[in-house]
Amino acid sequence: AAVEAAKVGGSLSVTMKAAESLLSFESSLTAEYEAQVLTGKTLNLERARQLALDGDIAGLTSEIQSIVGGVGDIQSLNVIQRKSVADAIGISVGDLLKISRGEQVAQQETVQDKLTTTNKLLAAQDGDRKAILEATLDNKNINMNESVI
């Protein structure tokens with residue numbers, strides 16, 4: 001669960017706080033509807049509540065990420081809208097922003113991973129070319145030595 005939370009830019013304590021807040025059904029439902037009215041976006045926290053009730057913290061972390069992603073660009077929301085979304089999930093605005101950036105960081109890491117893999121392949125090909133060139137030069141040297149004899 002801690003690894004999942006770290007992947008999305010959050011922490012286990014943030015996810016546990018969200019779980020506790022989501023399980024306070026009356027206030028959670030009120031906050032959810034308020035966020036929907038203020039943002040004009042549909043929030044569905046039912047699955048998040050079920051995961052919190054089941055104690056599936058890793059699943060809850062992923063669900064929180066998808067909820068935040070479903071809201072859209074958090075930066076484009078005004079202060080009141082951000083606060084309402086954070087309250088609906090049961091986290092602070094700062095944690096909401098971290099989680100929204102966490103998705104972008106994860107995507108950048110995969111791009112970096114692809115670049116690293118590409119560089120390794122290119123380096124391996126370069127090593128193969130050097131080996132072929134050295135073998136070719138060795139053969140030419142052998143042929144030249146034979147012709148001299």
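Relevant structure appears above.
None of the values given here were measured: they were computed from a predicted structure.

Enquirer: Please set out the packing of helix α3 (residues 25–39) against helix α6 (residues 79–89) residue by residue, giving values where relevant.
Expert: α6 packs onto α3 with a crossing angle of 150 degrees between their chain directions and a minimal axis gap of 8 Å. Classified by the angle between their axes, α3 and α6 sit roughly antiparallel to one another. Crossing hand, α3 versus α6: left-handed. Contacts between α3 and α6 involve Ser-28, Ala-31, Glu-32, Ala-35, Leu-38 and Thr-39 from the former and Ile-80, Gln-81, Ser-84, Val-85, Asp-87 and Ala-88 from the latter. Looking at the contact of α3 with α6 residue by residue, the class counts come to six nonpolar, four polar and two charged.

Enquirer: Account for the packing of helix α4 (residues 46–54) against helix α5 (residues 57–71), with residues named and values stated.
Expert: Two numbers describe how α4 lies on α5: the axes approach to 9 Å, and their chain directions differ by 165 degrees. By the criterion of interaxial angle, the relationship of α4 to α5 is roughly antiparallel. As α4 runs across α5, the sense of the crossing is left-handed. Contacts from Arg-47, Ala-48, Leu-51 and Ala-52 of α4 reach α5 at Gly-59, Leu-60, Glu-63 and Ile-67. Classifying every residue of the contact of α4 with α5 gives five nonpolar, one polar and two charged.

Enquirer: Account for the pattern of salt bridges, naming residues and giving values.
Expert: All chains considered together, the criterion is met by four salt bridges. Ionic pairing is found between Arg-49 and Glu-32, a salt bridge with its closest N-O pair at 2.6 Å. Taken together, the positions of Arg-49 in helix α4 and Glu-32 in helix α3 put the pair 17 residues apart, joining distant regions of the chain. In this structure, Arg-49 and Glu-32 share a single accessibility class: buried. One salt bridge in this structure joins Glu-46 and Arg-49, with 3.2 Å as the shortest N-O distance. Placement of both Glu-46 and Arg-49 in helix α4 is noted, with a separation of three residues, approximately one turn of the helix.

Enquirer: Before we move on, can you summarise a nonpolar patch on the surface with the specific residues and values?
Expert: Residues Phe-25, Leu-29, Tyr-33 and Leu-53 make up a contiguous nonpolar surface patch of roughly 400 Å² in combined accessible area. Examining the composition of the nonpolar patch, we find that three residues originate from one element, α3, more than from any other.

Enquirer: Would you mind going over the nonpolar core in detail, with residue names and values included?
Expert: One finds Leu-60, Ile-89 and Leu-96 to be the most contacted residues of the largest nonpolar core, which totals 25 residues. Looking at this core, the elements with two or more residues in it are α2 (12–22), α3, α4, α5, α6 and α7 (93–148). Examining the composition of this core, we find that five residues originate from one element, α5, more than from any other. Among residues more than four places away in sequence, those in contact with Ile-89 are Ala-18, Ser-21, Leu-22, Leu-45, Ile-64, Ile-67, Val-68 and Leu-96.

Parameters at a glance
Sequence order as written defines residue numbering, which begins from 1 separately in each chain. Reporting in this predicted model follows two pLDDT cut-offs: at least 70 for local features of residues, and 80 or more for side-chain atom pairs to be given and counted; totals over whole chains, interfaces and linings ignore these cut-offs and use all residues. Heavy atoms from the whole structure form the basis of all side-chain values; hydrogens and water molecules are not counted. Between the N-to-C directions of two axes lies an angle of 0 to 180 degrees, each axis being a line fitted to C-alpha atoms and, for a helix, fitted only over the stretch in contact. A run of H or I in DSSP becomes a helix once it reaches four residues, and a run of E becomes a strand once it reaches two; helices and strands are each numbered from the N terminus. Each angle gets one of four labels, with under 35 degrees taken as roughly parallel, over 145 as roughly antiparallel, 65 to 115 as roughly perpendicular, and the rest as oblique. Each crossing gets its handedness from the near helix: less than a right angle anticlockwise from the far helix is left-handed, clockwise is right-handed. Here, residues are in contact when the closest pair of their heavy atoms is within 4.5 Å. Residue polarity follows a fixed list, in which Ala, Val, Leu, Ile, Met, Phe, Trp, Tyr, Cys and Pro are nonpolar, Asp, Glu, Lys and Arg are charged, and the others, Gly among them, are polar. Take a side-chain nitrogen of Lys or Arg and a carboxyl oxygen of Asp or Glu: if they are within 4 Å of each other, that pair is a salt bridge. The buried label applies to any residue whose accessible area, calculated with a 1.4 Å probe on protein chains only, is under 20% of its type's maximum; exposed applies above 50%, and partly exposed to all values in between. A patch consists of residues exposed above 30% relative accessible area that lack any salt bridge, with like charges linked at up to 9 Å and nonpolar side chains (Val, Leu, Ile, Met, Phe, Trp, Tyr) linked at up to 5 Å. We get accessible surface area from the Shrake-Rupley algorithm with a probe of 1.4 Å; when it comes to residues, only the shown protein chains can shield them. In this text, buried Ala, Val, Leu, Ile, Met, Phe, Trp, Tyr and Cys residues form a nonpolar core when linked through side-chain atoms within 4.5 Å.

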